[in-house]
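One letter stands for each residue in the lines below.
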Amino acid sequence: MPRFVLALVGVATVIVLGAIQFASSAAWGDLAAAPSLPAALHAASPRLLRRFAGDARARAAAAIYAGDLDDAAALVAALPPGAATDDLRGELAQARGDAGGAIAAYVRAGDAVRAQTLIDALAQRDPEAAYSAQRALVEGLAGDAGAAEVTGQAWWRLGELQALLGYRDAARRASLWRDAQASYERALASAPNEETYLLAAGYQALANGDRGAAQRWYRRAADVVPDSADAYAGLAWTAAARGECAAARDALARARALAHAPGRDPVDDPNVGAALRRCTT
C-alpha cells in the first residue's frame with residue numbers, strides 16, 4: 001500500500017479517536033468549562049458526536065445534558081428497568097420542570113440526595129406536596145441498612161414538615177405533631193447522638209405536652225454537646241413547664257452564658273417560652 005494512503009488512514013484514525021474522546025468528555029461535562037475544544041465540538045454538532053458517547057444509557061445522559069429532551073426520552077424509554085434508568089428518568093423529568101415526576105423517579109432509584117434536594121425546594125411553595133413526597137422517600141429507604149445516615153435525615157425532614165403543617169392546620173395539629181415527634185425519634189434511631197435531631201425531638205415533645213420525653217431528649221443533647229446553648233434552653237423550658245422554677249432559672253442562665261451570638265432569648269419563644277417567663281418575673 002502506498003505510503004501516502006497509509007498516512008491518510010493514520011490521520012483519519014487519529015481524527016476519529018479524537019472525536020470520540022472529545023465527544024465523550026463534552027457529553028459528560030468533564031470539560032464543560034469554556035473555552036474548550038470538546039465543549040465547542042459538542043455545542044456545534046451534539047447529535048453527530050453523541051453516537052460516540054457510549055452505550056444507550058450514556059447517550060441518553062448526553063442528550064439530557066445537551067437539552068435534547070425528546071431524543072433523551074426516546075433513549076430512556078428503550079432502557080431496561082432499574083435504578084440507573086430511574087435516575088435518568090428523574091433527570092429527564094427535572095430538566096422538563098416536572099418536580100413531582102423527578103422526585104418520584106429518584107425515590108424509585110433510591111437516590112435520596114437528589115430526591116431530598118427537590119423536596120426541600122418544593123416545601124418552599126407547596127408543603128403538602130412536599131410532605132407526601134417525603135413520606136414516599138422514607139418508605140423507599142425502609143430496610144436499607146446501608147443508608148442509615150440519609151434515612152435519619154429523611155425522617156428528620158419529615159418531622160419538620162409535619163410540625164410545619166401542624167402549625168398551619170389547627171384541625172390536624174394534634175395528629176401531625178404526634179407524628180412529628182415519632183419521626184424525630186425515628187431519626188434518632190439512626191443517629192442517637194445527632195444534636196439537631198435531639199433538639200427537634202425535645203422541642204416537639206414539649207409542644208405536645210410530653211415533658212418527660214422533652215427532658216430526656218434535652219438532657220441527652222446537653223450530655224452529647226456540653227456547650228449547647230439550645231440544649232440548656234430546652235432544659236429551662238422543660239423545668240418551667242414542670243413548675244421547677246429554680247432549675248429553670250439555672251438552666252436559663254447557662255443557656256444565656258453559652259450563647260455564641262445574639263438571638264431570641266429563650267423566654268421569648270412564642271410556643272414554649274411563657275412558663276419560663278413566669279419563672280423569671
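Residues numbered from 1 in each chain as written. Predicted model: local features only at pLDDT ≥ 70, side-chain atom pairs only at ≥ 80, totals over all residues. Heavy atoms only, no water.

Caption draft 1: A look at the overall build of the protein chain. Summing up its helical and strand segments, the protein chain has 16 helices and 0 strands in all. Taken across its 281 residues, the protein chain has 41% of its residues classed as buried. Long-range pairs, those at least 24 residues apart, make up 45% of the contacts in the protein chain with a sequence separation of at least 6. In the form shown here, the protein chain has an accessible surface area of approximately 14700 Å², with 55% of it arising from carbon and sulfur atoms. (Helix = DSSP H or I, 4+ residues; strand = E, 2+ residues; numbered from the N terminus. Buried < 20%, exposed > 50% of the residue type's maximum accessible area, 1.4 Å probe, protein only. Contact = heavy atoms within 4.5 Å. Areas by Shrake-Rupley, 256 points an atom, 1.4 Å probe, with all protein chains shown as cover.)

Caption draft 2: A look at the environment of V267. Within the fold, V267 resides in the loop between helix 15 (245-258) and helix 16 (274-279). Taking relative accessible area as the criterion, V267 reaches 10% and is therefore assigned buried. It is 8.9 Å that separates the C-alpha atoms of V267 and A233, two residues lying 34 residues apart in sequence. Excluding its chain neighbours within four sequence positions, the residues that come into contact with V267 are L252, R256, G273, L276, R277 and T280.

Caption draft 3: Representation of the packing of helix 9 (residues 127-141) against helix 10 (residues 148-168) within the structure. Direction vectors running N to C along helix 9 and helix 10 enclose 150 degrees, while the axes themselves pass 9 Å from each other. Taken together, the axes of helix 9 and helix 10 are roughly antiparallel relative to one another. Seen along the crossing, helix 9 lies across helix 10 with a hand that is left-handed. On the side of helix 9, the interface is formed by P127, E128, A130, Y131, Q134, R135, L137, V138 and L141, while helix 10 contributes V150, T151, A154, W155, R157, L158, L161, Q162, L164, L165 and R168. Of the residues contributing to the contact of helix 9 with helix 10, the split by class is 13 nonpolar, 3 polar and 4 charged. (Axes fitted to C-alpha atoms, helices over the stretch in contact; angles between N-to-C directions. Parallel < 35°, antiparallel > 145°, perpendicular 65-115°, else oblique. Left-handed = near helix turned anticlockwise from the far one by under 90°. Nonpolar A, V, L, I, M, F, W, Y, C, P; charged D, E, K, R; others polar.)

Caption draft 4: Quick peek at the pattern of salt bridges. Tallied over the full model, the rule gives 12 salt bridges. Measuring nitrogen to oxygen at the nearest pair gives 3.1 Å for the salt bridge that ties E91 to R114. Of this pair, E91 sits in helix 6 (residues 83-95) while R114 sits in helix 8 (residues 112-123), and the two are 23 residues apart along the sequence. The exposure class of E91 is partly exposed, given its relative accessible area of 23%. Its relative accessible area of 35% is what places R114 among the partly exposed residues. The salt bridge partner of E244 is R242, with a shortest N-O separation of 3.4 Å. Relative accessible area serves as the criterion here: at 34%, E244 is assigned to the partly exposed category. Each member of the salt-bridge network shares a partner with another, and the members are D87, E91, D111 and R114. (Salt bridge = Lys/Arg side-chain N within 4 Å of Asp/Glu carboxyl O.)

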